[in-house]
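# Notes for the structure review
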Amino acid sequence: MKPSEQMKIERVKMPEQDPQTRIKDFEEVNLGLTEELAKLEAQRCLQCKKFPCIEGCPVQVNIPGFIDAVAKGNFSLGAKLLKETNALPAVCGRVCPQEIQCEQKCVRGVKGRPVAIGWLERFVADWAMAHETQSTSQSPTIQPNGKKVAMVGSGPAGLTCAGELAKMGYDVTIFEAFHEAGGVLIYGIPQFRLPKEIVLKEVEALKNLGVKIELNVVVGKTVTIDQLMSEEEFSAVFIANGAGLPVFMNIPGENIKGVYSANEFLTRVNLMRAYRFGEYATPIIRGKKVVVVGGGNVAMDAVRTARRLGADPSVLVYRRSREEMPARIEEVHHAEEEGIQFELLTNPVKVIGNEEGWVKGVECQRQRLGEPDKSGRRRPEPIEGSNFVFDCDIFIEAIGTKANPLITQTTPDLKVNKWGYLETDESGMTSKPGVFAGGDIVRGSATVILAMGDGKRAAQSIDQYIKSKKR
Ligand code: FAD
Ligand code: SF4
Ligand code: SF4
C-alpha cells in the first residue's frame, strides 16, 4: 500500500463493554480488536527506517516487525517477534502507559493519532494464547547447569527474571509472601483491566520452564536472605518485593472504621475474590457512598472498583487539576463514562465518624494552583473558608506507597537510599555480593514494563556473576 493511502486510514476504535452494563460486573472493559480491525490498524504503520517507536519502549520490542506480520495476517510470526523481547505481552498490551512510551514516539502521532501499538500487542498475544499450544510455541530445550537462584516476590520483575534464568538452565525458586503469584498484576490491578486468567497463564508457562514457586513465604520473616544463601545454597538472590507499604495522609480521624488504604481495599477485592460477590464471603465493606483520594492509576482502580461493588456516588477527590493527574488518560476516560464523580482541586483534611466509630463523612477543602513545585507540577494551595463535608461510609486513601523495611531490617548489609529503596549498581547488584534487586523496590512506584526490564537485565548480570565465581 502507498504511504498516501496508509495516511488516509484512521486509527481504529477499541470495542468496549457498555458503561451501564460494566458498572454491574468485573468483566474486562476493553474487548480487544477483531482480526479485521487489527489488520486495518497494522496497515497504518509506515515501517519507518529509524523506528522511533522502539526507542520509546523500555524493553525494545520489535514494533515495526510484529506490526508488519499482523498486517500480512501472519499472527504466529507476530507473536514470535513480540516474545523475543517481551515475556508478558498480553499484560503489557493492556496496562503499559503506551501514550507516554512507544506510542508517544510514533511518527503517525505528529499529524494525527499514533499507531495503536498496545492494542495490536494485546491482539497478537491473545491470539497466541488462544491458538498456540505449548508444542507449537516452541519452548526452548533447557540444559540444567546445577546452580540455584532465588527470587523474592512474584511481580513482573521477579517473574521476568525467573523466566530468563530458567531458560539459561538455572534452578529457579520464587518465594512469594501472598498465597497467589503475580504481584500487583494479581492483587492490585482489577479484573476489569487485566483478567486474572491472563496472569495465571503466564505463571503456568513459567512453571513449565521448571520455575518453582513457594507461596506464603515472607522473606525477612519466614527465612532471611542470608539463610537462603548459606543454608539453602542459592548462588544469587534477586529481590523484587515491590513497594507496597501504604502511605497515609496523617489527617485526624484516619483510625475510624471504614478507612482503607487503596492497597488493602484492592487486595481484598482482587486476591480474596470479593469481585465475585455471592460466591466468595470475603470480608469487605461495600460502601453505599465512597470517597477515594488520589489521582493515579491506583486511585482510579479503587474508585471504579467501589462503583462496581455498588457505591453511588463514587467520588474521586484530587488536590490538583485534571492536567496534573498521573493516571492513564484511558482510565480517566473510562472512569468518567462509569459515572465517577471527579472533585478536582479538593483535598481531604479530616475524617468524621458517627457514634459507633464508623466513617460518616470526609471534610474537604478546595484548592487553587500556585507556582510549580520540584516535580514541575503546579503546587496546590488551600482556599481559606472553603471547607465542606462529603457524606460517605467508606474513605479510601490512594496517595502512594513506599518500601517495606522487613528485608532491609533483617539484612543490614543492604544499602538503602533516603526513601528506603534499595541501592544497586549498573548491573543491578546491591551492596551485598550476589544479591541483586529491581522493580519498584529500587525505582519507587513505577510501571510493569520498567519492572520487567529490570528483571531481564538482572538475569543477565546474575548469569555473569555466577559464571565469574566459577572461574
Ligand atoms: P510487585 O508487582 O509489587 O510484586 C512484588 C511481590 O513481592 C508481591 O507479590 C509481594 O506480595 C511480594 N513480596 C513483598 N514482600 C515480600 C517478602 N518479604 N517476601 C516475599 N514476597 C514478598 N503499572 C503499569 O505499568 N500500568 C498500570 O496500569 C498500573 N496500574 C497499577 C495499579 C495498581 C493498583 C498498582 C498498585 C500499581 C499499578 N502499576 C501499574 C504499577 C505496577 O504494577 C508496578 O510498578 C509493578 O507491579 C512493580 O513490579 P514489581 O515486580 O517490582 O513488584
Ligand atoms: Fe509499548 Fe509496552 Fe509494548 Fe513496549 S511493551 S511496545 S511500551 S506496549
Ligand atoms: Fe510504525 Fe509508528 Fe513505529 Fe513508524 S514510528 S514504524 S509508524 S509504529
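One can find the structure itself at the top, above this paragraph.
Counting restarts for each chain: residues are numbered from 1 in the order of the written sequence. Chain letters start at A and ligand numbers start at 1, both assigned in the order the entries are written. For this predicted model, a pLDDT threshold of at least 70 governs which residues receive local features, and a threshold of 80 or more governs which side-chain atom pairs are given and counted, while totals over whole chains, interfaces and linings are taken from all residues. Side-chain numbers come from the whole structure's heavy atoms, not from hydrogens or water.

## Let's talk about the overall build of the protein
Each helix is a run of H or I in the DSSP string that is no shorter than four residues. Each strand is a run of E no shorter than two, and both are numbered from the N terminus. A count of helices and strands for the protein gives 19 helices and 16 strands. What you see for the protein is a C-alpha radius of gyration of 23 Å, in line with the 23 Å of a compact globule of 471 residues. Each of the three principal axes of the protein carries a C-alpha extent, and together these read 70 × 65 × 50 Å. Between buried and exposed lies partly exposed: a residue is buried under 20% and exposed over 50% of the maximum accessible area for its type, with that area taken using a 1.4 Å probe on protein chains only. Of all 471 residues assigned to the protein, the portion counted as buried reaches 53%. Only C-alpha atoms enter the radius of gyration, while the globule expectation follows 2.2 Å times N to the 0.38, with N the number of residues.

## Re the packing of helix 5 (residues 63-71) against helix 9 (residues 117-131)
For any two helices packed against each other, one specifies the inter-axial angle together with the distance between the axes. Packing of helix 5 against helix 9 leaves a shortest axis separation of 11 Å and a crossing angle of 60°. On the basis of the axis angle, helix 5 is oblique to helix 9. When you trace helix 5 past helix 9, the crossing you get is left-handed. Residues Ile63, Phe66, Ile67 and Val70 of helix 5 lie in contact with helix 9, whose contacting residues are Ile117, Leu120, Glu121 and Val124. Of the residues in the contact of helix 5 with helix 9, the class split is 7 nonpolar, no polar and 1 charged. Simply put, an axis is a line fit to the C-alpha atoms, just over the touching stretch for a helix, and the angle between two N-to-C directions goes from 0 to 180 degrees. Angular relationships are summarised with four words: roughly parallel below 35 degrees, roughly antiparallel beyond 145, roughly perpendicular across 65 to 115, and oblique for the angles in between. Here a crossing is taken to be left-handed if its near helix is turned anticlockwise relative to the far helix by less than a right angle, and right-handed if that turn runs clockwise. Residues count as neighbours in contact if any of their non-hydrogen atoms are within 4.5 Å of one another. When residues are grouped by polarity, Ala, Val, Leu, Ile, Met, Phe, Trp, Tyr, Cys and Pro land in nonpolar, Asp, Glu, Lys and Arg in charged, and all others, Gly among them, in polar.

## Some details on the site of ligand 2
Residues are labelled near a given molecule or strand when at least one of their non-hydrogen atoms is within 4 Å of it. Taken together, Cys57, Pro58, Val61, Ile63, Asn86, Cys92, Cys96, Gln98, Gln101, Cys102, Glu121 and Ile449 form the complete shell of residues around ligand 2. For the shell around ligand 2, the per-class residue count stands at 8 nonpolar, 3 polar and 1 charged.

## Quick look at the packing of helix 6 (residues 75-85) against helix 9
Interaxial distance between helix 6 and helix 9 falls to 9 Å at its minimum, and their mutual angle equals 110°. Comparing their axes, helix 9 and helix 6 come out roughly perpendicular. Note on element contacts: helix 9 touches helix 6 through Glu121, Phe123, Val124, Ala125, Trp127 and Ala128, opposite Phe75, Ser76, Gly78, Ala79, Leu82 and Lys83. Split by residue class, the contact of helix 6 with helix 9 holds 8 nonpolar, 2 polar and 2 charged.

## Overview of helix 10 (residues 156-167)
In this model helix 10 runs 17 Å from its N-terminal to its C-terminal C-alpha over 12 residues, within 8% of the 16 Å that 1.5 Å per residue would give. Looking only at helix 10, the buried set comprises Pro156, Ala157, Gly158, Leu159, Thr160, Cys161, Ala162, Gly163, Glu164, Leu165 and Ala166. Note on helix 10: the residue one or two positions beyond its end, glycine 169, has a positive phi of about 105°. A helix is expected to reach a length of 1.5 Å times the quantity of its residues less one.

## Topic: the site of ligand 3
Surrounding ligand 3, one finds Cys45, Leu46, Gln47, Cys48, Pro52, Cys53, Pro64, Cys106, Val107 and Arg108. Considered class by class, the residues forming the shell around ligand 3 number 8 nonpolar, 1 polar and 1 charged.

## Thoughts on unusual backbone geometry
For the bond running from aspartate 312 to proline 313, omega is 10°, close enough to zero to count as cis. Relative to the assigned elements, proline 313 resides in the loop between helix 15 (297-308) and strand 8 (314-318). A positive phi angle is found at glutamine 60, which is not glycine, with a value near 50°. Among the structural elements, glutamine 60 can be located in the loop between helix 4 (52-55) and helix 5. Given a relative accessible area of 45%, glutamine 60 falls into the partly exposed group. Notably, glutamate 233 is not glycine yet its phi reads approximately 60°, a positive angle. With respect to the secondary-structure elements, glutamate 233 resides in the loop between helix 13 (225-230) and strand 4 (236-239).

## Description of the environment of glycine 244
By the element assignment, glycine 244 lies in the loop between strand 4 and strand 5 (245-246). The sequence separation of glycine 244 and aspartate 440 amounts to 196 residues, and the corresponding C-alpha distance is 8.7 Å.

## Notes on the pattern of salt bridges
For salt bridges, the criterion is a side-chain nitrogen of Lys or Arg within 4 Å of an Asp or Glu carboxyl oxygen. Summed over all chains, the structure comprises 29 salt bridges. Put simply, glutamate 99 and arginine 328 hold a salt bridge, and the shortest N to O gap is 3.1 Å. With a gap of 229 residues between them, glutamate 99 in the loop between helix 7 (89-95) and helix 8 (102-105) and arginine 328 in the loop between strand 8 and helix 16 (329-337) connect regions that are remote in the sequence. Glutamate 99 sits in the partly exposed class, given a relative accessible area of 26%. A salt bridge links lysine 432 to aspartate 226, with the shortest nitrogen-to-oxygen separation between them at 2.6 Å. Placement of the pair is lysine 432 in the loop between helix 17 (406-410) and strand 16 (435-437) and aspartate 226 in helix 13, with a sequence separation of 206 residues. Because the salt bridges share partners, they merge into one network encompassing Arg22, Arg193, Asp301, Arg304, Arg308, Glu331, Glu337 and Glu338.

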